[in-house]
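These are the residues of each chain, in order.
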Amino acid sequence: YSTDMSINPFTFADSNTEVVPHGVGSVWATMLWDLAWAYVGKYGFDADKFNGTGGNNKVMQLVLDGLKLQGCNPTFVSGRNALIAADQATTGGQDFCLIWEVFARRGLGVGASSGSASSATDQVEDFTAPAPGPNCTLSVNYFENEDMIKVYPNPSNGMINIAINNYSGK
């Protein structure tokens, strides 16, 4: 597995065929692999498997919580939705945007469809993530001295500017 699309190019559309190694499980595992590394990128890695607080620990708990929320015979879409619901239930949606970005990148975006229950070849991929919500906006609520440091625009959906006035020393 790799998060590099040139090494592992699996997307949701690849679940329409049994050609991929180990069937559709390879596609789902690829998406979970990407999710795990996104969490590690955000929260770091903690070698303590049982009591750690790193991204690896958080994503394992998320997957376990998601399994508890999804119904029997889950599809890719219902599995994704269960993970999003688990994040909402446990953190108030702290990683909503991160989860959507990972799945949308592999074709399991907002408009993706798992097709009919009677077919394994009618899945439809979509690379669209939902519009950024409140947990996707960067903002700062407090500055000790706004005359010295200014961050703008605030809030921001991406690019920010930092102005530092009267700065001297290290």
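Before any of the text, the structure's been laid out above.
Okay, so let's go over this structure. All of these numbers come straight from a predicted model, not from anything done at the bench. (Residues numbered from 1 in each chain as written. Predicted model: local features only at pLDDT ≥ 70, side-chain atom pairs only at ≥ 80, totals over all residues. Heavy atoms only, no water.)

1. Remarks on the overall build of the chain
Phase 1: Of regular secondary structure, the chain possesses four helices and two strands.
Phase 2: Each helix (α) and strand (β) of the chain, taken in turn from the N terminus, gives the series α-α-α-α-β-β.
Phase 3: By residue count, 32% of the 170 residues in the chain fall in the buried class.
Phase 4: Long-range pairs, those at least 24 residues apart, make up 45% of the contacts in the chain with a sequence separation of at least 6.
Phase 5: Put simply, the chain shows about 10,500 Å² of open surface, and 58% of that area lies on carbon and sulfur atoms. (Helix = DSSP H or I, 4+ residues; strand = E, 2+ residues; numbered from the N terminus. Buried < 20%, exposed > 50% of the residue type's maximum accessible area, 1.4 Å probe, protein only. Contact = heavy atoms within 4.5 Å. Areas by Shrake-Rupley, 256 points an atom, 1.4 Å probe, with all protein chains shown as cover.)

2. Concerning helix 4 (residues 96-105)
Phase 1: A large share of helix 4 lies buried, amounting to seven of its 10 residues.
Phase 2: Along helix 4, the positions that sit buried rather than exposed are C97, L98, I99, W100, V102, F103 and A104.
Phase 3: At its buried positions, helix 4 is contacted by helix 1 (25-43), helix 2 (55-69) and helix 3 (76-91).

3. What about the packing of helix 3 against helix 4?
Phase 1: Close contact between helix 3 and helix 4 brings their axes to 10 Å; oriented N to C, the two are set at 165 degrees. Between helix 3 and helix 4, the angle is such that the two are roughly antiparallel. Seen from above, helix 3 lies across helix 4 with right-handed handedness. From helix 3, R80, L83, I84 and D87 reach across to helix 4, where they touch F96, I99, W100 and F103. (Axes fitted to C-alpha atoms, helices over the stretch in contact; angles between N-to-C directions. Parallel < 35°, antiparallel > 145°, perpendicular 65-115°, else oblique. Left-handed = near helix turned anticlockwise from the far one by under 90°.)

4. Topic: the packing of aromatic side chains
Aromatic ring pairs are described here by two measures, namely the spacing of the ring centres and the angle between the planes.
Phase 1: Per the stated rule, a full pass over the model turns up seven aromatic pairs.
Phase 2: Where W28 meets F103, the ring centres are 5.7 Å apart and the plane angle is 20 degrees; that geometry is what we call stacked. With a gap of 75 residues between them, W28 in helix 1 and F103 in helix 4 connect regions that are remote in the sequence.
Phase 3: The exposure class assigned to W28 is partly exposed, which follows from its relative accessible area of 22%.
Phase 4: Here the aromatic cluster, defined as three or more aromatic residues joined through ring pairs, consists of F12, W28, F76 and F103.
Phase 5: Geometry around Y43 places K58 over its ring, the cationic atom sitting 4.9 Å from the centre. (Phe/Tyr/Trp six-rings, centres within 6.5 Å; stacked < 30°, edge-to-face > 60°. Lys NZ or Arg CZ within 6 Å of the ring centre and 35° of its normal.)

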